[in-house]
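Spelled out, the chains give:
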Amino acid sequence: MKFPSHISLSQETREELIELLNTCLATAIDLHWQVKQAHWNVRGRQFISRHELFDTVADHVRKHADEFAERAGALGGYAEGTIRLAARNSELDEYDLKAISGEEHVRALVDRVSTYAASIRQGIHRGEKLDDPVTVDLFTRILGEIEQDLWFLESHLYGSPQASRTASTSVEVPEGLPPV
Ligand SMILES: [Fe+2]
């Protein structure tokens, strides 16, 4: 705990929430720059649509980082948001630096964005256990946005052979629709 806070939660609860928020902050900062890496380096078919989609996702994630940091601050915490702190605390693997085609970048981003979304979903459960509806609401809003971005990204893989193998384990296609 770094700063005073008059929010009516115990110090232990606030400390746990701040740690949770700082992990999400680190992951969001890492993800933001990974998505930018894709935005700058993507080539090939559908270049513009993917270049622009990646920038939209990066903008969303950059705003998430700001929201995590400011909630940590409101709870009396110190926001750990430098690049070096983010690299140390992020839950993501390094970006796929060999990715070139749109599909390779989309695949790498689906992997990282889904890890980020899963982490935020866990944050909602943790926030509920700690009885802090404000942090839960923040996580819930952010999860809704990032899961929509995940849908936009993974829709670019629809029909690709590798996507079929992945999807067949988890997606049931309704009758009358083409197989994924
Ligand atoms: Fe740009």
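Everything below is about the structure shown above.
This section reports on the structure supplied with the text. (Residues numbered from 1 in each chain as written. Predicted model: local features only at pLDDT ≥ 70, side-chain atom pairs only at ≥ 80, totals over all residues. Heavy atoms only, no water.)

1. Examining the pattern of salt bridges
Turning to step 1, where the next piece is worked out: For the coordinates displayed, the defined rule picks out 9 salt bridges.
Turning to step 2, where the next piece is worked out: Glu147 is the salt-bridge partner of Arg121, the closest N and O atoms lying 2.7 Å from each other. Taken together, the residues Arg121 in helix 4 (residues 102–129) and Glu147 in helix 5 (residues 133–155) connect sequence positions 26 residues apart.
Turning to step 3, where the next piece is worked out: The partly exposed category is assigned to Arg121, whose relative accessible area is 40%.
Turning to step 4, where the next piece is worked out: The exposure class assigned to Glu147 is partly exposed, which follows from its relative accessible area of 32%.
Turning to step 5, where the next piece is worked out: Here Arg141 and Asp137 are joined by a salt bridge, their closest N and O atoms 3.6 Å apart. In this pair, Arg141 and Asp137 are both assigned in helix 5, 4 residues apart and thus about one turn of the helix distant.
Turning to step 6, where the next piece is worked out: For Arg141, a relative accessible area of 45% gives the class partly exposed.
Turning to step 7, where the next piece is worked out: For Asp137, a relative accessible area of 43% gives the class partly exposed.
Turning to step 8, where the next piece is worked out: By sharing partners, the salt bridges in this structure join Glu67, Asp137 and Arg141 into a single network. (Salt bridge = Lys/Arg side-chain N within 4 Å of Asp/Glu carboxyl O. Helix = DSSP H or I, 4+ residues; strand = E, 2+ residues; numbered from the N terminus. Buried < 20%, exposed > 50% of the residue type's maximum accessible area, 1.4 Å probe, protein only.)

2. Details of the packing of helix 1 (residues 11–41) against helix 4
Turning to step 1, where the next piece is worked out: Where helix 1 contacts helix 4, the axes come no closer than 10 Å and their chain directions differ by 165°. Overall, the two elements helix 1 and helix 4 adopt an arrangement that is roughly antiparallel. Note on packing geometry: the crossing formed by helix 1 with helix 4 is left-handed. Facing helix 1, whose interface residues are Glu16, Leu17, Leu20, Cys24, Thr27, Ala28, Leu31, Gln34, Val35, Ala38 and Asn41, helix 4 presents His105, Leu109, Arg112, Val113, Tyr116, Ser119, Gly123, Arg126 and Gly127.
Turning to step 2, where the next piece is worked out: Among the residues forming the contact of helix 1 with helix 4, the class breakdown is 10 nonpolar, 7 polar and 3 charged. (Axes fitted to C-alpha atoms, helices over the stretch in contact; angles between N-to-C directions. Parallel < 35°, antiparallel > 145°, perpendicular 65-115°, else oblique. Left-handed = near helix turned anticlockwise from the far one by under 90°. Contact = heavy atoms within 4.5 Å. Nonpolar A, V, L, I, M, F, W, Y, C, P; charged D, E, K, R; others polar.)

3. Re the side chain of Ser90
Turning to step 1, where the next piece is worked out: Following the sequence through the fold, Ser90 ends up in the loop between helix 3 (83–89) and helix 4.
Turning to step 2, where the next piece is worked out: One polar contact links Ser90 to Asp30, side chain to side chain, over a distance of 2.6 Å.
Turning to step 3, where the next piece is worked out: At 3.0 Å, the side chain of Ser90 forms a polar contact with the backbone nitrogen of Leu92.
Turning to step 4, where the next piece is worked out: For Ser90, the contacting residues outside a window of four places in its chain are Ala26, Thr27 and Asp30. (Polar contact = N/O pair within 3.5 Å; in protein donor to acceptor, adjacent residues only side chain to side chain.)

4. As for unusual backbone geometry
Turning to step 1, where the next piece is worked out: Despite not being glycine, Gln46 has its phi angle at roughly 55°, a positive value.
Turning to step 2, where the next piece is worked out: As for its position among the elements, Gln46 is in the loop between helix 1 and helix 2 (47–74).

5. Observations regarding the packing of helix 4 against helix 5
Turning to step 1, where the next piece is worked out: Helix 5 packs onto helix 4 with a crossing angle of 160° between their chain directions and a minimal axis gap of 9 Å. Taken as axis vectors, helix 4 and helix 5 run roughly antiparallel relative to one another. The interaxial crossing formed by helix 4 with helix 5 has left-handed handedness.
Turning to step 2, where the next piece is worked out: Taken together, the residues that form the contact of helix 4 with helix 5 break down as 15 nonpolar, 4 polar and 4 charged.

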